[in-house]
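Fold and geometry: a report
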Amino acid sequence: MNRQPVQPNQPVAINLIASSHVTRPRRVSLNAKNEIVTRSFTGHFRNLRISIASVLILIFFGTSWLQWNGRQAVLWDLDERKFYIFGATFWPQDFTLLSAFLIISAFGLLAANVFVGRVWCGYTCPQSVWTWAFMWVEKVTEGDRNQRIKLAAENWSPRKIFKRAMKHSMWLGISAATGIAFIGYFVPVRELTYEIITGEWFSASAFWVSMFAFATYANAGWLREQVCLHMCPYSRFQSVMFDKDTLVVTYDSLRGEGRGSRKKDEDYKAQGLGDCIDCQQCVQVCPTGIDIRNGLQIDCIGCAACVDACDSIMDKMDYPRGLIKYTSENAQEGKPSKVFRPLVLSYTAALVVVIFTLGFILQERELVDVSVMKDRNMFRINSDGKVANVYRLKITNKTQQAQTYKVNLEKTDALVLQRHYELSLDAGEMIDLPVSVIKINRNSDGEGLIRFAFKITNVNDESVIKESNANFNYPIH
Ligand code: SF4
Ligand code: SF4
């Protein structure tokens, strides 16, 4: 029997709030080259992660191929500086919407974090999703943990070269597909794919595809947990957003210690042993290479791989599941959990406010953009002696259909347009229109200034789309 004593620093009840209790990890699942070598496993949380990742990957790779009204449904066209998302077109002036969307995402993440800890990291973060995919490739090409450790220790041979070549080829293939899919949201993906397939590899688009593919290969293939540990800012402050009811992956040390191996049907409790058989499975499946039995650690991404691994061991030993599980500090102490708590309420309130603000901005968003600039000459006198002012109207049709607009004057009876202005603009088209306004009356009394507005009307439904204020100048005698 290999019985181990409880370590002096081993937590009995885990304080999830104070960051001082969130310890630095002691990496234990390393090979001779100090690399983490994980073992494969099965379980509920793995199935959940695969399901979530499959949907996200499908959305990521599939969305850019969707068509809408004869063009790519989701496209951030950098050349034209327009962002198409299905039936809507967004312009640089709409960037407040992007800010609102990012703020909503941030508060959504914070609210989820308070409830279920680092669920984003473990299940949906692209770094995690691609790393799990690359780890699956490793298993398919080189075998499970023990085979990979053995292979790494072997001298180079045709067999080893073949396995490594297979692994890196598949990694590179996934990375290239990822690069094309990502850049395909900025350059029409069909043209981009055609370019790549036909060997046009010296274009700007191909350059950015290769840069993104390289980043994917490096991050998911080589850097892996280092991105979470040293590059991701979110992991640095997540622990301070926990409260006593936040669900985190926790080892039940009261039940598990003292740990030690034993035969299945032995009366281990009589020997002073707990439920942990010290099989190291929870450590060997951990993608960040930590031992959850040492307490909550800042590098735990909450993926529950150790939960699945330990549950399968508990099943084999005929012990109850849940030696490692998602639980909260209050639950550990037998206290009731609260759903409505200050952190949750404040993040939810902020989220609701920003969602309503975004809804309001979207509702009020103008689908035609009009700007008025006066000609640099204050006024001119026509041959009939009437005073005229010239303006430049920039009108942009921000809808996805052709529109016909009419220009009229408002807020004055003293001015008229020199001619009838009715213009048809294609979807997204902008026109720079010189417009001449004439003073009806020739008298020159008054202040030399008339305030009025240009009114832009949609001819189809006679709706007023926009009024833009302007000044008319005339000479005083
Ligand atoms: S998997 Fe479970 S039983 Fe095995 S070492 Fe980890 S906690 Fe102990
Ligand atoms: S300790 Fe468990 S939950 Fe945390 S990262 Fe490792 S395997 Fe995932």
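First, a word on what this report is: a plain description of the structure on this page. Model, not experiment: these values are computed from the prediction.

A tally of regular secondary structure across the chain gives 15 helices and 16 strands. Relative to its length of 477 residues, the chain is extended, with a C-alpha radius of gyration of 33 Å against a globular reference of 23 Å. The C-alpha extent of the chain, read off along each of the three principal axes, is 115 × 60 × 35 Å. Burial statistics for the chain: of 477 residues in total, 45% are counted as buried. Within the chain, counting contacts between residues at least 6 apart in sequence, those at least 24 apart form 69% of the total. Surface accessibility of the chain: about 25,300 Å² in total, with carbon and sulfur atoms responsible for 61%. Computed over 54 positive and 46 negative side-chain charges, the separation of the two mean positions in the chain equals 6 Å.

As a matter of local geometry, ligand 1 sits amid Tyr-251, Cys-276, Ile-277, Asp-278, Cys-279, Gln-280, Cys-282, Arg-293, Cys-310, Met-314, Leu-323 and Ile-324. Considering only residue class, the shell around ligand 1 consists of nine nonpolar, one polar and two charged.

This part takes up the sheet that holds strand β5 (residues 88-90). Strand pairing within a sheet occurs via backbone hydrogen bonds; the two strands may be parallel or antiparallel. Spatially, the three strands line up as an open sheet ordered β3-β4-β5, and their pairing is antiparallel. Here the strands that pair on one side only, and so sit at the sheet edges, are β3 (74-77) and β5. For this sheet the average axis-to-axis angle between neighbouring strands, irrespective of direction, equals 10 degrees. Strand direction decides the pairing type here: β3 and strand β4 (residues 82-85), joined by four bridges, are antiparallel. Bridged to Leu-75 within β4 is Tyr-84.

Further remarks concern the sheet that holds strand β15 (residues 449-458). Taken in spatial order, the four strands make up an open sheet running β13-β11-β15-β16, and their pairing is antiparallel. The open sheet terminates on both sides in strands that have one partner only, identified here as β13 (421-425) and β16 (464-473). Sheet twist, expressed as the mean angle between neighbouring strand axes with direction ignored, is 25 degrees.

In this section: the packing of aromatic side chains. Following the criterion strictly, the structure yields 19 aromatic pairs and no others. Measuring from ring centre to ring centre gives 6.3 Å for Phe-83 and Phe-90, while their planes differ by 40 degrees; the resulting arrangement is tilted. Residue classification places Phe-83 among the partly exposed residues on the basis of a relative accessible area of 21%. Consider the rings of Phe-452 and Phe-454, whose centres lie 5.1 Å apart with planes at 70 degrees: the pair is edge-to-face. Neither residue differs from the other here; Phe-452 and Phe-454 are each classed as buried. The side chain of Arg-49 reaches across the aromatic face of Trp-132, ending 4.0 Å from its centre. It is Lys-160 that lies over the ring of Trp-156; its NZ or CZ is 4.6 Å from the centre.

What follows covers the side chain of Asn-382. With respect to the helices and strands, the residue Asn-382 is situated in the loop between β9 (380-381) and β10 (387-397). For Asn-382, a relative accessible area of 16% translates into the label buried. Within the local environment of Asn-382, its side chain forms a polar contact with the side chain of Arg-380, the two groups lying 3.2 Å apart. Setting aside anything within four residues of it in sequence, one finds Asn-382 in contact with Ala-388, Gln-418 and Ile-438.

The rules behind these values
- Residues numbered from 1 in each chain as written.
- Chains lettered and ligands numbered in written order.
- Predicted model: local features only at pLDDT ≥ 70, side-chain atom pairs only at ≥ 80, totals over all residues.
- Heavy atoms only, no water.
- Helix = DSSP H or I, 4+ residues; strand = E, 2+ residues; numbered from the N terminus.
- Rg over C-alpha atoms; globule rule 2.2 N^0.38 Å.
- Buried < 20%, exposed > 50% of the residue type's maximum accessible area, 1.4 Å probe, protein only.
- Contact = heavy atoms within 4.5 Å.
- Areas by Shrake-Rupley, 256 points an atom, 1.4 Å probe, with all protein chains shown as cover.
- Lys, Arg positive; Asp, Glu negative; His and termini not counted.
- Charge placed at Lys NZ, Arg CZ, Asp CG, Glu CD.
- Near = heavy atom within 4 Å.
- Nonpolar A, V, L, I, M, F, W, Y, C, P; charged D, E, K, R; others polar.
- Pairing = 2+ DSSP bridges.
- Axes fitted to C-alpha atoms, helices over the stretch in contact; angles between N-to-C directions.
- Phe/Tyr/Trp six-rings, centres within 6.5 Å; stacked < 30°, edge-to-face > 60°.
- Lys NZ or Arg CZ within 6 Å of the ring centre and 35° of its normal.
- Polar contact = N/O pair within 3.5 Å; in protein donor to acceptor, adjacent residues only side chain to side chain.

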